[in-house]
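Each chain, written out:
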Amino acid sequence: NASDPDVKAKTFYIDYECDKVPLLCFTDDGRGATPDVLHKMLSFGYCDKRTIGNHTPIGAYGNGFKSGSMRLGKDVLVFTKDNEGNKSVGFLSQTFLSKTNSQEVLVPMVTWNR
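Everything numeric here is computed off the predicted structure, so don't read it as measured data.

Novice: Is there a simple way to explain the sheet that holds strand β5 (residues 109-112) in this structure?
Specialist: Picture the strands of a sheet paired through backbone hydrogen bonds; they go either parallel or antiparallel. Strand order in the open sheet formed by 3 strands is β3-β4-β5, and the pairing between neighbours is antiparallel. The open sheet has two edge strands with one neighbour each: β3 (75-81) and β5. Strand-to-strand twist of the sheet, defined as the mean angle between neighbouring strand axes without regard to direction, takes the value 10°. Pairing of β3 with strand β4 (residues 87-93) involves 7 bridges; the strand directions are antiparallel. In the strand pairing of β4, V78 is matched with G90. Set on the sheet, helix α1 (residues 35-42) makes contact with β3, β4 and β5; between it and β4 the angle comes to about 10°.

Novice: What exactly am I supposed to notice about the packing of aromatic side chains here?
Specialist: Two aromatic rings are characterised by how far apart their centres lie and by the angle between their planes. Applying the stated criterion to the full structure yields 2 aromatic pairs. Note on F12 and F26: the rings are 5.9 Å apart at their centroids and 20° apart in plane angle, and the pair reads as stacked. You can see F12 sitting in strand β1 (residues 12-18) and its partner F26 sitting in strand β2 (residues 21-28), a full 14 residues away along the chain. Residue classification places F26 among the partly exposed residues on the basis of a relative accessible area of 47%. For the pair F91 and F96, a centre-to-centre distance of 6.4 Å together with 55° between the ring planes defines the contact as tilted. Classification of F91 by relative accessible area gives partly exposed; the value is 27%.

Parameters and conventions
- Residues numbered from 1 in each chain as written.
- Predicted model: local features only at pLDDT ≥ 70, side-chain atom pairs only at ≥ 80, totals over all residues.
- Heavy atoms only, no water.
- Pairing = 2+ DSSP bridges.
- Helix = DSSP H or I, 4+ residues; strand = E, 2+ residues; numbered from the N terminus.
- Axes fitted to C-alpha atoms, helices over the stretch in contact; angles between N-to-C directions.
- Contact = heavy atoms within 4.5 Å.
- Phe/Tyr/Trp six-rings, centres within 6.5 Å; stacked < 30°, edge-to-face > 60°.
- Buried < 20%, exposed > 50% of the residue type's maximum accessible area, 1.4 Å probe, protein only.

In structure tokens, the structure reads:
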């Protein structure tokens, strides 16, 4: 949520195509997410947002990113890098869950630091 009070990004880009393949790609110059924050963001029902001053954040139940991304498409791939240099990728995918006949929501995630 680009308008949340704790957001540090100054620039936000939206691309809708890559190599003639339709997609939505959101890129910003913010501080990134730690592996723990990314895990929580990709988990259902987690929200630790707080009002700062008179600036109230959007969302309160921890479902907006998941329901919004699944409404727009079937798959979301999140790339992030935190201030410690940790790079993480998380994958939330209806396609993956359907093709593997999963009975629970699995969210593959990998983190590295090099």
